[in-house]
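Chain by chain, the residues run as shown.
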Amino acid sequence: MGQKKDLTGSEKSKIVRYLAEGCSSLKTAKLLKRDHRTIKRFIQNSQQGRKKHVEKPRRKITAHELRKVKRAAAKMPLATSLAIFQSCNITGEPKSTRCAILRDMAKVRKAERRPPLNKTHKLKRQDWAKKYLKTDFSKVLWTDEMRVSLDGPDGWARGWIGKGQRAPVPLRRQQGGGGVLVWAGIIKDELVGPFRVEDGVKLNSQSYCQFLEDTFFKQWYRKKSASFKKNMIFMQDNAPSHASKYSTAWLARKGIKEEKLMTWPPCSPDLNPIENLWSIIKCEIYKEGKQYTSLNSVWEAVVAAARNVDGEQIKTLTESMDGRLLSVLAKKGGYIGR
């Protein structure tokens with residue numbers, strides 16, 4: 001019987017089982033038709049266990065240098081270890097040493113996607129939740145805008161690639177491809193829109209109101225019954241074009257005023273269920289790293305994705321509001337999960 005270099009996983013399992021049954025190493029070798037020395041070596045290594053990893057002592061920096069590094073790390077959030085140490089005029093340290101030193105005073109994190117809430121923000125979010133706690137949210141129209149680009153939120157995608165296959169090369173542009181601004185609303189189980197903002201138009205108070213007149217009011221709102229209009233509550237966030245005196249007065253002339261225009265707390269995208277709709281649409285139009293070559297093509301993809309969102313999905317989002325309000329109160333105005 002020849003001596004082989006490695007034991008397979010199956011053979012190792014059998015060795016353990018044979019030894020547990022009381023077989024000697026010699027008998028085990030004969031049963032597996034392997035060299036006795038190979039079996040003994042495996043048993044010996046198993047008994048020794050893994051060697052304990054001993055960290056090499058790192059170069060000690062002075063207390064003065066340590067204070068400089070700590071100040072630099074505080075002043076330069078998300079900077080690399082090399083940039084932090086270079087700003088302190090500490091050179092020659094390997095990356096492992098730099099990271100080990102920084103690990104005692106900091107940790108690697110990604111940039112926050114949401115702004116931090118201060119005390120005033122949290123109080124206003126709690127007051128808002130208390131005010132609308134008994135609201136019939138099936139009567140609320142939740143609105144918002146979304147910008148979609150040709151290349152997706154990050155301009156690249158990550159995913160599994162089969163062995164032997166090459167990852168697709170993303171389209172590279174000499175200049176930015178731009179994007180499309182989309183407005184939509186959801187109420188109960190109905191999707192309003194989406195409507196496309198004309199390319200090149202910057203939404204200020206005047207253009208925002210004109211956009212609503214040409215799309216929302218003419219194409220959807222005016223078709224509704226008088227009783228529906230009487231009970232509907234219009235929600236929009238605090239973007240400058242939304243919350244300006246001009247826009248507020250214009251909506252009031254349309255009959256959307258006082259209790260029919262929902263007040264909105266600052267820094268609260270997590271409370272607007274239409275944000276979840278945007279996520280559904282973006283996942284669909286950018287799946288598998290999809291990119292687009294024209295603004296019209298990405299707009300057509302948005303329309304197609306919105307058409308595939310059924311009423312039950314929208315109803316699930318709008319009916320989640322009671323839970324969101326309770327979560328805000330439970331977290332004392334803090335952000336809720338989305």
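Residues numbered from 1 in each chain as written. Predicted model: local features only at pLDDT ≥ 70, side-chain atom pairs only at ≥ 80, totals over all residues. Heavy atoms only, no water.

If you look the protein chain up in an unreviewed UniProt entry, it shows as Tc1-like transposase DDE domain-containing protein from Oreochromis niloticus.

Q: Before we go on, may I ask you to explain a negative patch on the surface in this structure?
A: On the surface, Asp 189, Asp 310, Glu 312, Glu 319 and Asp 322 cluster together into a negatively charged patch. Residue position: Glu 312 is located in helix H14 (residues 311-318). Residue class for Glu 312 comes out exposed when judged on its relative accessible area of 56%. (Patch = residues over 30% accessible without salt bridge, like charges linked within 9 Å, V, L, I, M, F, W, Y side chains within 5 Å. Areas by Shrake-Rupley, 256 points an atom, 1.4 Å probe, with all protein chains shown as cover. Salt bridge = Lys/Arg side-chain N within 4 Å of Asp/Glu carboxyl O. Lys, Arg positive; Asp, Glu negative; His and termini not counted. Charge placed at Lys NZ, Arg CZ, Asp CG, Glu CD. Helix = DSSP H or I, 4+ residues; strand = E, 2+ residues; numbered from the N terminus. Buried < 20%, exposed > 50% of the residue type's maximum accessible area, 1.4 Å probe, protein only.)

Q: Would you mind showing me how to read the sheet that holds strand S3 (residues 190-196) here?
A: What links the strands of a sheet is backbone hydrogen bonding, and the strands pair in either a parallel or an antiparallel sense. Taken in spatial order, the four strands make up an open sheet running S3-S2-S1-S4, and their pairing is mixed. One side of each edge strand has no neighbouring strand; the edge strands of this open sheet are S3 and strand S4 (233-235). Put simply, the sheet's adjacent strands are angled 20° from each other on average, direction ignored. Taken together, the three bridges between strand S1 (residues 140-149) and S4 define a ladder with parallel strand orientation. In the sheet register, Leu 141 faces S4, and the bridge partner there is Phe 234. (Pairing = 2+ DSSP bridges. Axes fitted to C-alpha atoms, helices over the stretch in contact; angles between N-to-C directions.)

Q: Sorry if this is basic, but what is going on with the side chain of His 242 here?
A: Residue placement: His 242 occurs in helix H10 (residues 240-243). With a relative accessible area of 2%, His 242 lands in the buried category. Non-local contacts of His 242, meaning those with residues more than four positions away in its chain, are made with Glu 145, Tyr 208, Gln 236, Asp 237, Ser 247 and Thr 248. (Contact = heavy atoms within 4.5 Å.)

Q: What should I look at first to understand the nonpolar core in this one?
A: The nonpolar side chains of a soluble globular protein tend to be buried, and buried together. Counting 39 residues, the largest nonpolar core has Trp 128, Trp 142, Val 148, Met 262, Ile 281 and Ile 285 as its most contacted members. Looking at this core, the elements that each hand over two or more residues are helix H7 (119-131), S1, strand S2 (179-187), S4, helix H12 (274-285), helix H13 (295-307), H14 and helix H15 (321-330). In terms of residue count, H13 provides more of this core than any other element does, six residues in total. Apart from residues no more than four positions distant in its own chain, Met 262 is found in contact with Trp 128, Tyr 132, Phe 137, Val 140, Trp 142, Ile 233, Phe 234 and Met 235. Formed by 22 residues, the second largest nonpolar core is a distinct cluster that contains Trp 183, Val 197, Phe 217 and Leu 261. (Core = buried A, V, L, I, M, F, W, Y, C linked by side-chain atoms within 4.5 Å.)

Q: Would you mind going over the packing of H12 against H13 with me for this structure?
A: Look at H12 against H13: their axes get within 9 Å of each other, and the N-to-C directions meet at 120°. By the angle between their axes, H12 is oblique relative to H13. When you trace H12 past H13, the crossing you get is right-handed. On the side of H12, the interface is formed by Ile 281, Glu 284 and Ile 285, while H13 contributes Ala 301, Val 302, Ala 305 and Ala 306. Considered class by class, the residues forming the contact of H12 with H13 number six nonpolar, no polar and one charged. (Parallel < 35°, antiparallel > 145°, perpendicular 65-115°, else oblique. Left-handed = near helix turned anticlockwise from the far one by under 90°. Nonpolar A, V, L, I, M, F, W, Y, C, P; charged D, E, K, R; others polar.)

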